[in-house]
Amino acid sequence: MLKLKDFKANFHHHDVPDEIVKLVEFQNAQPGSYARGFALAVDDKKLLKPFSEKRDFLDALCPLGKANASGSLYALWARGEGKSMRESPVLVFGDTGGVHVVAESPLQFLRLLSLDAEPMVDADSVLFMKDDGDAPSPSAKAYAGWLEHHFHVKPVRDA
């Protein structure tokens with residue numbers, strides 16, 4: 001179980017967007033994964049340090065959790081004073097290199113997770129591939145319903 005108090009450490013002096021707070025609550029209530037390769041997690045930014053040692057850069061990033069089984073990471077990018085975290089883009093940092101914007105906001109990120117596909121990240125691109133034969137994550141259906149109920153957002157059906 002992920003404690004919200006512990007997860008808030010990822011955000012330093014930034015507010016955790018309401019969408020992400022609700023996702024912590026949803027994740028804690030699920031018996032299994034809701035998005036292939038992803039789970040919110042407390043992170044000390046050690047996975048981000050290969051990209052930069054600059055404190056300003058690292059302080060602007062708020063890790064969300066691993067993006068895939070090989071170690072890629074999702075993070076919110078706090079773009080400066082006066083900017084709402086609800087308007088912050090979500091980046092994926094590839095475990096073998098590459099940084100890409102995958103969503104313009106936390107809400108768009110929640111919708112992206114409904115695809116239930118692990119990203120393949122390299123220096124040039126990020127791809128979300130899903131085969132028709134892939135079994136859904138155990139809590140994917142519950143996640144799609146939760147997303148529609150709480151945010152009035154339709155899940156992504158096709159990569």
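See the structure printed just above.
All values derive from a computational prediction rather than experimental measurement.

Q: For this particular structure, what's the right way to read the overall build of the protein?
A: Counting secondary structure elements, the protein contains five helices and seven strands. Mapped from its N terminus to its C terminus, the protein presents α and β elements in the order α-α-β-α-β-β-β-β-α-β-β-α. Dimensions of the protein along its principal axes, counting C-alpha atoms only, are 45 × 30 × 25 Å. Residue pairs in contact within the protein that sit at least 24 positions apart in sequence constitute 55% of those at least 6 positions apart. Separation between the mean location of the 19 positive side-chain charges and that of the 23 negative ones in the protein comes to 5 Å.

Q: What exactly am I supposed to notice about the pattern of salt bridges here?
A: Should their charged atoms come close, side chains of opposite charge can pair. Applying the stated criterion across every chain, the model contains three salt bridges. Ionic pairing is found between Arg55 and Asp59, a salt bridge with its closest N-O pair at 3.6 Å. Residue Arg55 and its partner Asp59 are located together in helix α3 (residues 55-59), separated by four residues, close to a single helical turn. A relative accessible area of 23% places Asp59 in the partly exposed class. Lys154 is the salt-bridge partner of Glu148, the closest N and O atoms lying 3.3 Å from each other. Residue Lys154 is classed as exposed on the basis of its relative accessible area, which comes to 58%.

Q: Before we go on, may I ask you to explain empty space enclosed by the protein in this structure?
A: Any empty space left between atoms is shown by rolling a water-sized probe over those atoms. Under the counting rule described, the total for this entry stands at one cavity of 30 Å³ or more. Of the pockets and cavities examined, the largest cavity occupies roughly 60 Å³. Lining the largest cavity are Ala35, Arg36, Phe38, Ala67, Tyr74, Leu112, Leu113, Asp116, Ala117, Pro119 and Phe128. Classifying every residue of the lining of the largest cavity by side-chain character gives nine nonpolar, no polar and two charged.

Conventions and cut-offs
Residues numbered from 1 in each chain as written. Predicted model: local features only at pLDDT ≥ 70, side-chain atom pairs only at ≥ 80, totals over all residues. Heavy atoms only, no water. Helix = DSSP H or I, 4+ residues; strand = E, 2+ residues; numbered from the N terminus. Contact = heavy atoms within 4.5 Å. Lys, Arg positive; Asp, Glu negative; His and termini not counted. Charge placed at Lys NZ, Arg CZ, Asp CG, Glu CD. Salt bridge = Lys/Arg side-chain N within 4 Å of Asp/Glu carboxyl O. Buried < 20%, exposed > 50% of the residue type's maximum accessible area, 1.4 Å probe, protein only. 1 Å grid on protein atoms, 1.4 Å probe; cavity = no way out; pocket = protein on both sides within 12 Å on 5 of 7 lines; lining within 4 Å. Points joined across faces, edges and corners; volume = space filled by probe spheres on them. Nonpolar A, V, L, I, M, F, W, Y, C, P; charged D, E, K, R; others polar.

Honestly, it's all geometry; don't read function into it.
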